[in-house]
Amino acid sequence: MEDKVNGLLIPEPEGELWYSCIECDFSTPLDRFLYACPRCGGLLRIEDKNFDRLLQVSPQVWREVFDRRRFLRIDALKGAFTFYELVLPVIPLEDIIYLGEGRTPIVRANEELSLLVGVPFFLKYEGLNPSLSFKDRGMVVAVSFINHLLKKDPQRKVLGICASTGDTSAAAALYLSYLPKDRVISAVLLPEGKVTEGQLGQVLGAGAVVIEIPGVFDDCMRIVEELSAKYEVCLLNSKNPLRIQGQKTYAFEVAQQLGWDTRGLVVVVPIGNAGNVTAIMEGFLDLKNLSLIEELPTILGVQSEHANPIVKWRKTGVYEPVKVRPSVAQAAMIGKPVSFPKVKRLVEEHYGEKFKAVEVSEEEIMEGMLLANRYGHVVCTQGGEAIAGLRRAIREGIIDREGKVFVVNSTSHQLKFLNFQQMYFQDAFPPEYGIRTEESLKNRPIKLPPDSSRIAEFLGLRRKNEA
Ligand SMILES: *Cc1c(COP(=O)(O)O)cnc(C)c1O
Ligand SMILES: [Zn+2]
């Protein structure tokens with residue numbers, strides 16, 4: 001066993017990765033960027049035609065290899081590429097970029113908070129990635145592949161582009177800005193006024209070209225889809241299946257952090273464009289195929305009532321894009337999720353009743369965020385949405401809590417969405433949100449003169465006994 005583990009620790013390219021269409025039998029080698037099936041327009045996924053080589057190795061050996069890589073002093077294997085064989089086993093280690101992504105902690109939720117939610121649970125802090133959201137997991141893989149192509153062809157130049165509700169662009173701008181400036185341009189398309197100041201600041205700070213258009217995310221997405229179909233650009237949205245490859249590592253890490261025991265596991269995830277939930281389901285499926293885990297987890301997808309096409313589909317069996325209304329879970333405010341066909345297939349073929357979806361109100365989302373942060377956590381509005389979804393699922397009996405382990409995906413950092421916290425504290429939500437605020441959840445600074453006795457008086461301090 002020891003020899004086998006040592007032989008695998010530092011990997012070399014030996015996958016045979018192909019794009020394959022999920023709708024027809026088209027497939028083609030992964031030697032360039034491709035975002036849709038040239039034959040039928042369907043979504044592409046990445047398939048390793050040499051996957052069976054991985055089955056020659058026992059699950060015990062794989063677990064040991066993945067566990068031990070964290071102790072190596074090799075940057076390339078520290079982040080998403082810890083799971084090299086399951087991510088992008090066709091590029092050499094020296095082409096892999098590492099900016100500190102992945103390996104985010106799983107934190108046990110505060111006990112009082114758990115009582116309020118109705119069940120003990122864990123939070124996985126995706127906001128601790130370098131651009132402060134899980135998007136870095138997918139971006140590092142797509143941009144490492146760009147890096148690989150640039151090295152193979154010294155003449156080549158790249159324009160990376162994405163549509164974004166804020167976090168995809170922050171991740172894309174960060175990772176692209178690490179590549180040579182004379183060969184790589186980063187451009188992002190944002191819906192004007194529907195990205196937070198923090199997110200906009202991240203993209204501007206990284207030096208990306210920022211194009212704002214009127215409309216919502218779905219409008220931006222349509223435009224970058226047209227651009228990537230007609231022009232030489234590299235699309236960095238999760239329609240690009242390399243993004244999905246990277247985001248699978250969330251599932252790999254959850255399994256690893258639970259000691260590869262996924263029995264009774266429930267993963268709670270907010271859904272917007274449905275790239276992340278697709279990646280998470282595919283990731284657990286890879287682990288199951290390799291016998292690294294025994295059981296697929298239950299997936300609980302959460303959406304706002306203001307952007308709920310997946311919940312509606314789950315309820316009625318009919319899928320229809322919806323027109324979104326303003327949502328504080330702005331990063332998930334998407335009415336026409338690009339990856340829906342992948343979700344549908346994964347549910348029909350593998351997850352079945354293990355895929356559940358629940359919707360929550362805007363008010364519940366804010367309360368989820370504010371409460372979690374009051375009890376020692378660092379949670380954004382989408383994380384608040386996921387917590388609110390777990391609370392509903394327990395209360396409504398959508399999930400039976402017995403024998404379960406709940407891991408909630410806290411998808412980004414609180415600081416990215418401070419504007420909504422501020423709107424709550426100042427009662428400044430426009431009526432479309434439908435949010436009634438609660439005094440006990442508000443907070444504001446108190447102005448006092450620079451005088452210790454006045455401050456002591458205000459705080460109600462008792463004088464020390466002078467002996
Ligand atoms: C992108 C994003 C989501 C939604 O993920 P999808 O892959 O679009 O479903 C949720 N939360 C945050 C913080 C995000 O940035
Ligand atoms: Zn096709």
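Residues numbered from 1 in each chain as written. Chains lettered and ligands numbered in written order. Predicted model: local features only at pLDDT ≥ 70, side-chain atom pairs only at ≥ 80, totals over all residues. Heavy atoms only, no water.

## With respect to a nonpolar patch on the surface
Taken together, I446, L448, I455, F458, L459 and L461 make up a surface patch of nonpolar side chains, about 580 Å² in accessible area. Inspection of the secondary structure assignment puts F458 in helix 18 (residues 452–459). Judged by its relative accessible area of 46%, F458 is partly exposed. (Patch = residues over 30% accessible without salt bridge, like charges linked within 9 Å, V, L, I, M, F, W, Y side chains within 5 Å. Areas by Shrake-Rupley, 256 points an atom, 1.4 Å probe, with all protein chains shown as cover. Salt bridge = Lys/Arg side-chain N within 4 Å of Asp/Glu carboxyl O. Helix = DSSP H or I, 4+ residues; strand = E, 2+ residues; numbered from the N terminus. Buried < 20%, exposed > 50% of the residue type's maximum accessible area, 1.4 Å probe, protein only.)

## Section: the packing of aromatic side chains
What describes a pair of aromatic rings is the distance from one ring centre to the other and the angle between the planes of the rings. The final tally for this structure, using the stated rule, is twelve aromatic pairs. Seen from their ring centres, F33 and Y35 are 6.3 Å apart, and the 15 degrees between their planes marks the pair as stacked. Both rings, one in F81 and one in Y84, keep their centres 6.5 Å apart while their planes meet at 50 degrees; by these two values the pair is tilted. Using a relative accessible area of 1% as the deciding quantity, one classes Y84 as buried. Through pairs of rings, three or more aromatic residues link up here, namely W62, F66, F83, F252 and W260. Just above the ring of W18 sits the side chain of K49; from NZ or CZ to the centre is 4.5 Å. For R314, the ring lying beneath its charged end belongs to W313, and the centroid distance is 5.5 Å. (Phe/Tyr/Trp six-rings, centres within 6.5 Å; stacked < 30°, edge-to-face > 60°. Lys NZ or Arg CZ within 6 Å of the ring centre and 35° of its normal.)

## Overview of unusual backbone geometry
Among all residues except glycine, the phi angle is most often negative; among peptide bonds, the trans geometry is most common. Of note in the backbone geometry, R103 takes a positive phi value of approximately 50 degrees without being a glycine. You can see R103 is positioned in the loop between helix 4 (84–87) and strand 4 (106–108). Since its relative accessible area comes to 29%, R103 is described here as partly exposed. With phi around 55 degrees, D427 is a residue other than glycine that occupies positive phi space.

## A few points about the sheet that holds strand 5 (residues 122–125)
An order of 4-5-13-10-11-12 is seen for the six strands of this open sheet, with the pairing classed as mixed. Every interior strand has two partners, whereas the edge strands, strand 4 and strand 12 (355–360), have only one. This sheet shows a mean twist of 25 degrees between the axes of neighbouring strands, independent of strand direction. Inspection of the sheet shows strand 11 (residues 298–304) paired to strand 12 by six bridges, in the parallel sense. When the sheet's bridge partners are listed, I299 is paired in strand 12 with F355. (Pairing = 2+ DSSP bridges. Axes fitted to C-alpha atoms, helices over the stretch in contact; angles between N-to-C directions.)

## Considerations on the site of ligand 1
Near ligand 1 lie 13 residues; those nearest to it are K135, D167, G272, N273 and N276. Take K135: an N or O atom from its side chain is 2.6 Å from an oxygen atom of ligand 1. Between ligand 1 and A274 there is a distance of 2.8 Å, counted from an oxygen atom to a backbone nitrogen or oxygen. When each cavity is represented as a set of grid points, ligand 1 is found to reside in the largest cavity. Partitioned by chemical class, the residues of the shell around ligand 1 number four nonpolar, seven polar and two charged. Counting only domains with at least three residues in the shell around ligand 1, you end up with domain 2 (106–128 + 248–433) and domain 3 (134–240). (Near = heavy atom within 4 Å. Polar contact = N/O pair within 3.5 Å; in protein donor to acceptor, adjacent residues only side chain to side chain. 1 Å grid on protein atoms, 1.4 Å probe; cavity = no way out; pocket = protein on both sides within 12 Å on 5 of 7 lines; lining within 4 Å. Sits in = over half its atoms within 2 Å of the grid points. Nonpolar A, V, L, I, M, F, W, Y, C, P; charged D, E, K, R; others polar. Domains from an automatic or database assignment.)

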